[in-house]
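# Understanding the architecture of this molecule
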Amino acid sequence: MVSRRHRITGVPRPVPTVPTVLRALAVPLALALSACSGGVHGTPGGPGLRDPYFPKAGNGGYDVSHYDLNLAYDPAGGHRLTGTATITARATQDLSAFDLDLKGLDVHEVTVEGRRARFNRTGQELTVRPHDDLAADETFRVTVRYSGTPVTITDPDGSEEGWLRTADGALGLGEPTGSMAWFPGNNHPSDKASYDMTVTVPKGLQAVSNGELTGESSSGGRTTFTWHTDRPMASYLATVAVGHYDISRYTIGSKHLPVYVAVDPTQAKASRKVLAKIPEIIEWEEINFGPYPFSSTGAIVDRPDDAGYALETQNRPVFPGAPDTGTLVHELAHQWYGDSVTPKTWRDMWLNEGFATYAEWLWAEDHGGDTCQQTFESRYKNGDNGIWAYPPAKPSSAAHISDSPVYERGAMVLHKIRQKVGDDTFYDIIQGWAAAHRYGNADTDDFTAYVEKKAPDEDFDEIWKDWLYGEGKPDHP
């Protein structure tokens, strides 16, 4: 209605044309639409990060800062897992939808910022469409409620990961993509986050995870364990172990670093002697690699048939049966190389395994075994042809990212650098590398550039060409 006091009598009012009417209607309509959408018109985030070996791993459009996982598992109750995952993330673009990696399990509800969101499943992709588009740089929370029987995933190399049933419980292992079997997330090493893990199990069982145990309570025949990981962690390094364990807790060093060790009772006697070396190994690795990067350490030892390999899960590595000293040294060295300094893609696995393997060589050299030079020469002369199957920085396929060229030839690259620069500069390099990229991600180009910067008067072209990227066995050791 037109206000009477603004009406001029005696002057005919012009009749608005159709375009004038449309323009008048467009303003409030645009404002209404803007109010509904927040003025954001996003596009979907990518369903993968195009990793050279696992292109579907991870997702585009956001960066996770924290996972809050609330899990309940009953081995005797049909191996059913019930979970609520609350993920805090920052949008890296205007988003109309985004993906989470989740394989198997039934999704019951998804909310974004407390409002129910539409979702659909295609393979390992859980696509979420929030009620309102998310703006670039906006921090948001997505909550996923899910349940079901978790699956075991067979890797391209034939090993098993994901959710492994054990004699009295279960073991969650994630390298390279297995974490998506038991919680939704951005399942790629380039997106690291802090974690809170709350796990409820039948009373009498333990639930062991990463970080520090911050709570334990029992009620109604069930026990709940709460774990907190404050330092950034890649999803493949997250673990949960459910079963009967003998628990040891103590502190080491002048900083009173907490140690938490969980051992299956059947492995207690066989592992007691080697696990007693944890304080000595941590002290030795700090001398060689720099300050320990995390707020606790330890180990999880399950039965030999529960997993086919050891894994450097953050804070406390997992072992299938009692480890030997070399394996314990190797997996604890990963806390620096792999867990704290994490590869940008799975192509850079040698930055994990070459370093941890060379840690074994160094330990032997310092504890009455072969020198690193002797080990190097032995590998060069007597190593099987598998060592030379491909360059450590360019694995031939996803099925071979954990083969001997990545481990043994990767360690040989480090030894060649040591030969070139001498011990003083070499230790400056490996300690400085761990410090420069602490809690971050790095790739092979970052490493070679760092080495060249630390030893500017040396020429590393031959090492990079023949040992790091070269095909076949180099002509001269």
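Residues numbered from 1 in each chain as written. Predicted model: local features only at pLDDT ≥ 70, side-chain atom pairs only at ≥ 80, totals over all residues. Heavy atoms only, no water.

### Regarding the overall build of the protein
For the protein, the helix and strand inventory stands at ten helices and 23 strands. Reported as C-alpha extents along the three principal axes, the dimensions of the protein are approximately 110 × 65 × 45 Å. For the protein, the residues scored as buried account for 53% of the 477 residues in total. For the protein, long-range pairs separated by at least 24 residues make up 68% of all intrachain contacts whose partners lie at least 6 apart in sequence. Per element, the accessible surface of the protein, about 20800 Å² overall, is 50% carbon and sulfur. Measuring between centres, the 44 positive side-chain charges of the protein sit 11 Å from its 64 negative side-chain charges. (Helix = DSSP H or I, 4+ residues; strand = E, 2+ residues; numbered from the N terminus. Buried < 20%, exposed > 50% of the residue type's maximum accessible area, 1.4 Å probe, protein only. Contact = heavy atoms within 4.5 Å. Areas by Shrake-Rupley, 256 points an atom, 1.4 Å probe, with all protein chains shown as cover. Lys, Arg positive; Asp, Glu negative; His and termini not counted. Charge placed at Lys NZ, Arg CZ, Asp CG, Glu CD.)

### A look at a negative patch on the surface
Together, E452, D457, E458, D459, D461 and E462 line one region of the surface with negative charge. On the basis of relative accessibility, which here comes to 36%, the residue E452 falls in the partly exposed class. (Patch = residues over 30% accessible without salt bridge, like charges linked within 9 Å, V, L, I, M, F, W, Y side chains within 5 Å. Salt bridge = Lys/Arg side-chain N within 4 Å of Asp/Glu carboxyl O.)

### Quick look at the confidence of the model for the protein
Here the protein averages 92 in pLDDT, while 92% of its residues score no lower than 70. Low pLDDT, under 50, characterises residues 1-37; the predicted model gives this stretch five contacts beyond four residues in sequence or across chains. (pLDDT = per-residue confidence, 0-100.)

### Remarks on the environment of K269
Residue placement: K269 occurs in helix α2 (residues 268-275). Of the residues examined, K269 reaches a relative accessible area of 72% and is grouped as exposed.

### Concerning the sheet that holds strand β13 (residues 193-202)
Taken in spatial order, the eight strands make up an open sheet running β6-β5-β9-β3-β2-β13-β16-β15, and their pairing is mixed. Looking at which strands have only one partner, the edges of the open sheet turn out to be β6 (115-116) and β15 (212-219). The pairing of strand β2 (residues 62-74) with strand β3 (residues 80-91) spans twelve bridges and is antiparallel. Opposite L69, over in β3, you have A85 as the bridge partner. (Pairing = 2+ DSSP bridges.)

### Remarks on the nonpolar core
Formed by 135 residues in total, the largest nonpolar core has its most connected members in F98, W182 and I417. Those residues in contact with W182 that lie beyond four places of it in its chain are L71, L81, L105, Y146, G162, W163, G172, L173, M197, A238, T239 and V240. (Core = buried A, V, L, I, M, F, W, Y, C linked by side-chain atoms within 4.5 Å.)

### Focus on the pattern of salt bridges
Evaluation of the coordinates by the stated rule reveals eleven salt bridges. Salt-bridge contacts for R418 lead to E365; the nearest nitrogen and oxygen are separated by 3.1 Å. Here R418 is found in helix α7 (residues 404-421), whereas its partner E365 is found in helix α5 (residues 350-366), with 53 residues between them in sequence. In this structure, the salt-bridge partner of E408 is R379, at a minimum N-O distance of 2.7 Å. With E408 in helix α7 and R379 in helix α6 (residues 372-382), this pair connects stretches of sequence that are 29 residues apart. A residue is classified by how much of its surface remains accessible, and R379, at 25% relative accessible area, is partly exposed. Put simply, E109, R116 and R145 are held in one network by salt bridges that share partners.

### Structural notes on the sheet that holds strand β1 (residues 43-44)
Read from one edge of the open sheet, four strands run β1-β4-β8-β7, paired in mixed fashion. At either margin of the open sheet sits one strand with a lone partner, and together these are β1 and β7 (118-122). Pairing analysis gives four bridges linking strand β4 (residues 95-101) to strand β8 (residues 125-129), with the strands arranged antiparallel. Its bridge partner lying in β8, D101 is registered against E125.

### A look at unusual backbone geometry
Cis geometry is adopted by the peptide bond preceding P176, which originates at E175 and carries an omega value of 0°. Phi at H79 is positive, roughly 55°, even though this residue is not glycine. Phi at D137 is positive, roughly 75°, even though this residue is not glycine. If you trace the backbone, D137 turns up in the loop between β8 and β9 (139-148). Overall, the relative accessible area of 57% leaves D137 in the exposed class.

### Comments concerning the packing of helix α8 (residues 423-436) against helix α9 (residues 444-454)
The N-to-C vectors of α8 and α9 enclose an angle of 135°; their axes lie 10 Å apart at closest approach. Taken together, the axes of α8 and α9 are oblique relative to one another. The two elements α8 and α9 meet at a crossing, and its hand is right-handed. Each of T425, D428, I429, G432, W433 and A436 in α8 lies in contact with α9, whose residues at this interface are D446, F447, Y450, V451 and K454. Per-class residue counts for the contact of α8 with α9 are six nonpolar, two polar and three charged. (Axes fitted to C-alpha atoms, helices over the stretch in contact; angles between N-to-C directions. Parallel < 35°, antiparallel > 145°, perpendicular 65-115°, else oblique. Left-handed = near helix turned anticlockwise from the far one by under 90°. Nonpolar A, V, L, I, M, F, W, Y, C, P; charged D, E, K, R; others polar.)

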